[in-house]
Amino acid sequence: MSLSLSKTTFGSYYHSCNKYDEKAGIEICEKWLEMHLVPYMGSSIHLRDIPLKLLTKTVKSNRFFTLNEYETFLAIITWIFLNINRDIKEVPTESVMITYFSSFGKEKNLIERYPDLGDLLYSVRLYGITKTNYLNTIQQMNIYPNTYIVQIMMEIQHSMSHGGDMAINRIFETSALRQGIVVELNSENYSDVYSIYGFHFELVAEKLKSDDLSVTYQFYIQRLGTNDPILTYEQSQLETFSLRNDRFCNYSISVQYWYQGYQVIKSTGKKKQRFGKIKTLQTPIFTVDLPKNQSTYEKTSPNELFVLYSLTFPAN
């Protein structure tokens, strides 16, 4: 079963395992979903087949992979749309969902209309969505109480004006800011820019070597300066840049892949790092060795990596 899990087969497999109380099968489905919910299931009509209890458990798992916090929100709101509108046969565009939820009466927000969705919706780390237009859109959709959105905006503004310092109750294990990259193993190098609270980081995944038995990748995070050529015009000229010379962070880099029908996780664990403007610009290198097929008949070696970079900025 585990070798044939996909976004089209997931729902039927999971419901069958539950029907016959196949605990091993249920666990495999849960772990597969932790990796694939946002990058694959989130854009599939089969997203609606996931039970609410399982979806909530997945998003709250410490193994959950996401591309970023706004993508997590979009996956959840798509699931809600598809389950409210059971006759819809295609996944709606983002603009359609914004219009749909914005059309509800303003006397009640979505959580007040559907209280069972509260635990799921409050699991989204909205304080990691720092683009004002995204937060304004969420506010316009009337998903959360307006007081909650204002509280999140005030928290973000506090972090921006205090050198990135996050609220004291934002502990790493449950509150880290996350950005992920899906790495195809036939490619050499990947990198992405993560901008948060006036700091800009490059998230790097590089192929080191490849032979008949394995392939090795290295991963790290490095702080970027205001004139770094990797930054877009918007990032370097229009977004806030912190003047703080030193920024202590807690971070982790987690690499997940599917191998022989099972989830494999390699992680740095929680680490502390000083990011200076001149010295100690990057984290130590984290390397991962991946197995290769040993014959043309084997089809079980991983073909992609789900790499999650997590950060918190504790008050110094």
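Residues numbered from 1 in each chain as written. Predicted model: local features only at pLDDT ≥ 70, side-chain atom pairs only at ≥ 80, totals over all residues. Heavy atoms only, no water.

### Examining the overall build of the protein chain
Our working definition: Secondary structure counts use DSSP, requiring at least four H or I residues in a row for a helix and at least two E residues in a row for a strand, with both numbered from the N terminus. Remark: exposure states derive from per-residue accessible area (1.4 Å probe, protein chains only) relative to the maximum for the residue type, with buried under 20%, exposed over 50%, and partly exposed in between. In what follows, a contact means two residues having at least one pair of non-hydrogen atoms within 4.5 Å. All accessible-area figures derive from a Shrake-Rupley calculation using a 1.4 Å probe, and residue coverage is judged against the displayed protein chains alone. Charged residues are defined here as Lys and Arg on the positive side and Asp and Glu on the negative side; His and the ends of the chain fall outside this count. For the purpose of locating charges, the reference atoms are NZ of Lys, CZ of Arg, CG of Asp and CD of Glu.
Of the regular secondary structure elements, the protein chain holds eleven helices and nine strands. Its C-alpha atoms put the protein chain at 65 × 60 × 30 Å along the principal axes. Here the protein chain holds 316 residues, and 51% of them are scored as buried. Partitioning the intrachain contacts of the protein chain with sequence separation of at least 6 by distance along the chain shows that 66% fall at a separation of at least 24. When the accessible surface of the protein chain is summed, it comes to about 15500 Å², and 51% of that surface belongs to carbon and sulfur atoms. The protein chain carries 32 positive and 32 negative side-chain charges, and their two centres are separated by 5 Å.

### Concerning the pattern of salt bridges
Test applied: The salt bridge criterion pairs a side-chain nitrogen of Lys or Arg with a carboxyl oxygen of Asp or Glu, the two atoms within 4 Å.
Within this structure, the stated rule accounts for twelve salt bridges. Glu34 is paired through a salt bridge with Arg63; the nearest N and O atoms lie 2.8 Å apart. With Glu34 in helix 2 (residues 23-36) and Arg63 in the loop between helix 3 (52-60) and helix 4 (69-84), this pair connects stretches of sequence that are 29 residues apart. One continuous salt-bridge network, built from bridges that share partners, spans Asp165, Arg244 and Arg247.

### Here's the deal with the pairing of strand 6 (residues 262-267)
As a general feature of sheets, a regular strand has side chains that alternate between the two faces. Our working rule: The rule for pairing is simple: two strands pair if DSSP sees at least two bridges between them.
As paired elements, strand 5 (residues 247-259) and strand 6 share six bridges and run antiparallel to each other. Within the sheet, the bridge partner assigned to Ser254 lies in strand 6 and is Ser267. Hairpin remark: strand 5 followed by strand 6, antiparallel, with two residues in the connecting loop; positive phi at Gln260, about 50°.

### Things to note about the layout of surface pockets
This is how the line gets drawn: Definitions used throughout: a 1 Å grid over protein atoms alone; a cavity as a set of points that fits a 1.4 Å probe which cannot get out; a pocket as an open set with protein on both sides within 12 Å along at least five of seven lines; a lining residue as one with an atom within 4 Å of a point. Grid points are joined across faces, edges and corners, and a volume is the space filled by probe spheres set on the points. As a working rule, the residues Ala, Val, Leu, Ile, Met, Phe, Trp, Tyr, Cys and Pro are called nonpolar, Asp, Glu, Lys and Arg charged, and the rest polar, with Gly in that last group.
Considering only enclosed or pocket space, the largest pocket measures out at about 780 Å³ in volume. Ile129, Thr130, Lys131, Ser195 and Glu239 are, among the 30 residues lining the largest pocket, the residues nearest its centre. Of all elements in the fold, only helix 4, helix 8 (132-140), helix 9 (146-161), strand 1 (177-184), strand 2 (189-196), strand 3 (199-210) and helix 11 (233-238) reach the threshold of two or more residues within the lining of the largest pocket. Taken together, the residues of the lining of the largest pocket break down into 13 nonpolar, eleven polar and six charged.

### Points about the packing of aromatic side chains
Stated formally: Stacked, edge-to-face and tilted labels apply to pairs of Phe, Tyr and Trp rings (six-membered ring for Trp) whose centres lie within 6.5 Å, assigned for plane angles under 30 degrees, over 60, and everything in between, in that order.
By the definition in use, this model includes 21 aromatic pairs. Through a chain of ring-to-ring contacts, the aromatic side chains of Tyr197, Phe199, Phe201, Phe275 and Phe313 assemble into a single cluster.

### Side note on helix 9
Here is the rule: How far a helix is expected to stretch is found by multiplying one less than its residue total by 1.5 Å. Regarding the arc, it is the one traced by the directions from the helix axis to the C-beta atoms.
The end-to-end C-alpha distance of helix 9, which contains 16 residues, comes to 23 Å, matching closely the 22 Å that a straight helix rising 1.5 Å per residue would cover. Turning to helix 9, its buried residues are Tyr148, Ile149, Ile152, Glu155, Ile156 and Ser159. The buried residues of helix 9 occupy an angular sector of 120° when projected down its axis, which confines them to one face. Across helix 9 from its buried face, at more than 90 degrees, point the exposed residues Thr147, Met154 and Gln157. Contacts from the buried residues of helix 9 go to helix 8. Phi turns positive one or two residues past the end of helix 9, at Gly163, with a value near 65°.

### Side note on the nonpolar core
Applied cut-off: Definition of nonpolar core: a set of buried residues of the types Ala, Val, Leu, Ile, Met, Phe, Trp, Tyr and Cys, connected through side-chain atoms within 4.5 Å.
Among the nonpolar cores identified, the biggest contains 87 residues, and Tyr144 and Phe219 are the most heavily contacted of them. By residue number, the principal contributor to this core is helix 4, which donates ten residues. In this structure Tyr144 touches Phe73, Asn109, Ile111, Leu121, Tyr122, Val124, Leu126, Ile138 and Ile149, once residues within four positions along its chain are discounted.

### Here we look at the environment of Lys207
The condition that has to hold: Residues adjacent in sequence count toward polar contacts only when both atoms are side-chain atoms; beyond that, a polar contact is any pair of N or O atoms within 3.5 Å, and within protein one must be able to donate a hydrogen and the other to accept it.
Structurally, the position occupied by Lys207 is in strand 3. In this structure, Lys207 is in contact with Leu185, Asn186, Ser187, Glu188, Asn189, Val215, Thr216 and Tyr217, ignoring residues within four places of it in sequence. In terms of polar contacts, Lys207 uses its side chain to reach the backbone carbonyl oxygen of Leu185, at 3.1 Å.

Everything listed here is a matter of coordinates, which is why it stays silent on function.
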